[in-house]
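# Commentary on secondary and tertiary structure
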Amino acid sequence: MKKQHVQFCDGCGKVRDDLGAEKQHPRWVELRAFQMTYGFQPDDLLLAHTYCPGCQECVQAGTQSSDPGRASR
């Protein structure tokens with residue numbers, strides 16, 4: 001089978017489904033469900049590591065600090 005590039009969230013482990021009917025509004029789904037839906041084997045997927053919108057918010061919130069001196073420590 002042809003290799004498929006897929007965005008993989010390093011936070012929650014979901015993948016972005018750009019193949020489904022909602023191409024203009026892709027959704028993040030469980031990796032196993034994505035494989036089963038489209039018939040991919042693990043070796044068929046080329047994972048691009050990123051964060052889904054929910055995990056990206058958590059990452060950004062974790063890097064912000066209410067302590068102005070923290071960044072210089």
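Structure report, in brief.

Rules used in this analysis
- Residues numbered from 1 in each chain as written.
- Predicted model: local features only at pLDDT ≥ 70, side-chain atom pairs only at ≥ 80, totals over all residues.
- Heavy atoms only, no water.
- Disulfide = S-S within 2.5 Å.
- Buried < 20%, exposed > 50% of the residue type's maximum accessible area, 1.4 Å probe, protein only.
- Helix = DSSP H or I, 4+ residues; strand = E, 2+ residues; numbered from the N terminus.
- Contact = heavy atoms within 4.5 Å.
- Core = buried A, V, L, I, M, F, W, Y, C linked by side-chain atoms within 4.5 Å.
- Pairing = 2+ DSSP bridges.
- Polar contact = N/O pair within 3.5 Å; in protein donor to acceptor, adjacent residues only side chain to side chain.

## Some remarks on the state of the cysteines
Tallying each qualifying case throughout the model produces 0 disulfides. With no disulfide of its own, Cys 12 has Cys 9 as its nearest cysteine by sulfur position, at a separation of 3.7 Å. Looking at the unpaired Cys 55, the closest cysteine sulfur is the one in Cys 9, lying at 3.6 Å. Given the relative accessible area of 16%, Cys 55 is considered buried.

## Focus on the environment of Trp 28
Within the fold, Trp 28 resides in strand 3 (residues 27-30). Note: C-alpha distance between Trp 28 and Cys 9 (19 residues apart in sequence) is 8.7 Å. Each residue touching Trp 28, except ones within four places of it in the same chain, is listed here: Gln 7, Phe 8, Cys 9, Lys 14, Val 15, Arg 16, Thr 50, Tyr 51, Cys 52 and Pro 53.

## With respect to the nonpolar core
Membership of the largest hydrophobic core is limited to 7 residues, which are Val 6, Phe 8, Val 15, Val 29, Phe 34, Phe 40 and Leu 45. The residues touching Leu 45, leaving out its near neighbours within four places in the chain, are Gln 4, Val 6, Leu 31, Phe 34, Gln 35 and Phe 40.

## Some thoughts on the pairing of strand 2 (residues 14-17)
Here strand 2 shows a buried face lined by Val 15 and Asp 17 and an unburied face lined by Lys 14 and Arg 16. With 4 bridges joining them, strand 2 and strand 3 adopt antiparallel strand pairing. Paired with Val 15 across the bridge in strand 3 is Val 29.

## Quick word on the side chain of Asp 17
Take Asp 17: it is sitting in strand 2. By relative accessible area, which is 4% here, Asp 17 ends up buried. Reaching out from Asp 17, the side chain makes a polar contact with the backbone nitrogen of Leu 19 at a distance of 3.0 Å. Within polar-contact distance, the side chain of Asp 17 engages the backbone nitrogen of Gly 20 at 3.0 Å.

Any functional reading would require information beyond the geometric quantities listed.
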